[in-house]
Amino acid sequence: MKYNAFLSYNHTQDTELGTSLEKALEEFAKPTFKRRALEIFRDANDLPLASDLGDKIRVGLEGSDYFICMANKRYAQSKWCQREVEYWLEHKTIEKFIIVLTEGDILYNEDTSDFDWDVTTALPKSLAGAFKGEPFYVDFRDLDPEEELHLDNPKFRSRLVLLAATLHGKSVGDMESEAAIQHKRTMRIRNAAIGILSVLLIIAIGASFFAVHKKNEALLSTYIANSQAQLNEDPAKSLRLAEEAFHFAKKKNFSTIGAKEQLIKVFYSGYGFYQDPSLDMPDVDKQESNKYENTNNPLYNDVLRITDSIGTTIKNDDYVSNQSDVYINERTRSAIYVLSSLTIEHSKIYFINLGVYGYTITKSNIILPGFNLYTGYVQDVDISKDGKYTLLGAANGITALIDNNGYKYMSNRNKFKDRALYKSTDDFPVSYVSFLMNDKFIAVASFDSKYENGIREDKEKNIYYYKKLPFPYIEIVNSDNDYGNLSLDGNFFMEPTDSEAEYSFYKAQALKTTEHDIIAEFPEGKGMRLTNISSPDKAFFASYQGVFNAHNDLLIAFSIDTIDTPAITICFSLDSKFVKVSYIDGVQRIFSLDPDFIINRFNDKVMGLVAPLSDADKQRFFITD
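Cut-offs and rules
Residues numbered from 1 in each chain as written. Predicted model: local features only at pLDDT ≥ 70, side-chain atom pairs only at ≥ 80, totals over all residues. Heavy atoms only, no water. Pairing = 2+ DSSP bridges. Helix = DSSP H or I, 4+ residues; strand = E, 2+ residues; numbered from the N terminus. Contact = heavy atoms within 4.5 Å. Axes fitted to C-alpha atoms, helices over the stretch in contact; angles between N-to-C directions. Phe/Tyr/Trp six-rings, centres within 6.5 Å; stacked < 30°, edge-to-face > 60°. Buried < 20%, exposed > 50% of the residue type's maximum accessible area, 1.4 Å probe, protein only. Lys NZ or Arg CZ within 6 Å of the ring centre and 35° of its normal.

**Student:** How should the sheet that holds strand β27 (residues 546-549) be read in this particular structure?
**Tutor:** Sheet strands pair via backbone hydrogen bonds, and the direction of the pair is either parallel or antiparallel. Strands sit in the order β25-β26-β27-β28 across an open sheet of four strands; the sheet is antiparallel. Since the sheet does not close on itself, it has two edges, and those belong to β25 (533-534) and β28 (554-557), each with one partner. In the sheet, β27 pairs with β28 via three bridges, with the strands oriented antiparallel. The residue bridging F548 from the neighbouring strand is L554, located in β28. Helix-sheet contacts for helix α9 (residues 257-267) involve β26 (540-543), β27 and β28, and the interaxial angle to β28 is about 25°.

**Student:** Whenever I open this one, the pairing of β27 confuses me. Can you help?
**Tutor:** Across a regular strand the side chains alternate sides, sitting on one face of the sheet and then on the other. Both β26 and β27 contribute to a ladder of four bridges, which runs antiparallel. In the sheet register, S543 faces β27, and the bridge partner there is G546. The hairpin formed by β26 and β27 contains two residues between the paired strands. Between the antiparallel neighbours β27 and β28 lie four residues, among them N552 with a positive phi of about 70°.

**Student:** Sorry, what's going on with the sheet that holds strand β7 (residues 137-139) here?
**Tutor:** Taken in spatial order, the five strands of this open sheet run β2-β1-β3-β4-β7, and their pairing is parallel. This sheet does not close on itself; its edge strands, each paired only once, are β2 (40-41) and β7. Judged from the two bridges that link them, strand β1 (residues 3-8) and β2 form a sheet pairing that is parallel. Across the sheet, F6 pairs through a bridge with F41, a residue of β2.

**Student:** Any chance you could explain the packing of aromatic side chains here in plain terms?
**Tutor:** Remark: the centre distance and the inter-plane angle together describe each pair of aromatic rings, the angle taken between the planes. Inspection of the entire model under this criterion finds 29 aromatic pairs. Relative to F591, the ring of Y268 lies with its centre 5.3 Å away and its plane at 70°, an arrangement referred to as edge-to-face. One end of the pair, Y268, is in the loop between α9 and α10 (298-312); the other, F591, is in strand β31 (residues 588-592), with 323 residues separating them in the sequence. F591 shares its class with Y268; the two are buried. Three or more aromatic residues link up through ring pairs in this structure, and these residues are Y3, F6, F41, F67, W88, F97, Y108, F115, W117 and F131. Seen from the ring of W80, R83 lies directly overhead, with NZ or CZ sitting 4.9 Å from the centre. The cationic tip of K417 hangs over the ring face of Y407; the distance from NZ or CZ to the ring centre is 5.2 Å.

So, to be careful, I would describe these as geometric facts and stop short of saying anything about function.
And the structure:
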């Protein structure tokens, strides 16, 4: 039998990792109707007690294109592992010898064209003088012992893709694109199968009243299930499917609880929802990275010297260039600098203040799940004109909108500093991002690519547009106006229920429109505790973790640090339709649990025009008007 690679490992040290590598290499970018993407030889049993390798191992070595050496101290000392290495060196080529470093050290000395054997502890001495230059190896040493070894783990995947690219004879970028294509193809086939099963179910139900009722129940379940399946694929479609499920349940007099809860989950998932593609929006191109250069402004020149100095401390990666943007505030003599690089674990945001006698810098890591390494490196950065927000577009097809000020103070305790994640209907890497129309809208551009005559060329770009404000929740902040506070979108304010009482973040209050229409009334808030508080109708309960339904399913995540709980209060509205989280600094966030209010909110022009389901979508998901 022909194998793509022979996996050589020490059974005592690396059985678990070896098994995971074999499975992942077989699954990564696997064509839909093929059993495996690669054929890997791995001896799953103990080696035979014999004086030589044994027929099974010898056949595996002779039939393999590559040799994967899982190097560590025990491997270097194992006589069986050494014999496998020696057999490969005698019968195969060293050019197809790949090292996976799992423990110990490797140091190659260019002057001697050999390993420094005083330092190198992970390789057998039989490799002495075998390599003409420093060999390619993949470092798995920083994987935690408790870490899950599968493709959903970004750290494991980023290393696995390097192996897969080598074995497939492709670049890392091409492997990721191939994996995305195969995933989409599998999803289409899966969805088609779901559709066929749904159609068969509908046909089989019959024409009686009971049958129609059952058919509608099945359709409602399908709408909810499709919304759940689309959430991480296309959040805008997921939202519209949840909306459809709720309307359908009301129309057919079914319980709306399942559809209502799915609508809440999607709306407050942290994703943004792209706008109707039929809107007339401006085209965009990649923004100039040095917009403050070539000026005679001394402040600009000082800031650019500082940012250049910061940039020199961060190495450039050979595969991907560093990305950055800067914002300068002349009035406050301050600046914000955001920098991303494959050579650092996380993107960084620097806050620069220039005084009479010098400057000060504070910085924070921008920790976004999946936004690092070769599968999620940042490809473009853009800071808004007012310096309040930053966009980071990544190779994983996702763009993050962060609140700059949220990263300045206790960023590790503030979940809401990461305002939104934008994911489009395709999985193409984000090429560039931009704030538009005085920062009111956001554009995310991505390209599919193709190979022609061995050269990769970008196809036509896809641009998705998002409304920056308002966010799904209503955020109230202190304001110098007649109300004393105002929502970020300018449509709501909070007012004490007792007209004689002073405004305070935890007192009984009413949420009103700026036309003084009452939206919700709240009692006095309760300090955050480890215990839960219930809504008046007992349908929901809340804690520092978030809002849960009666079955303890999380609907809205707060993830508030318990250290800060004395300065934070929470309460449900008197009608159980809203929940409010209030902070001592005056910020209040109101989350609606009322599906009608939620639907009106994202269909209102205030949130722009969220993309509706197309006719093709309706046909695909069995929706009839």
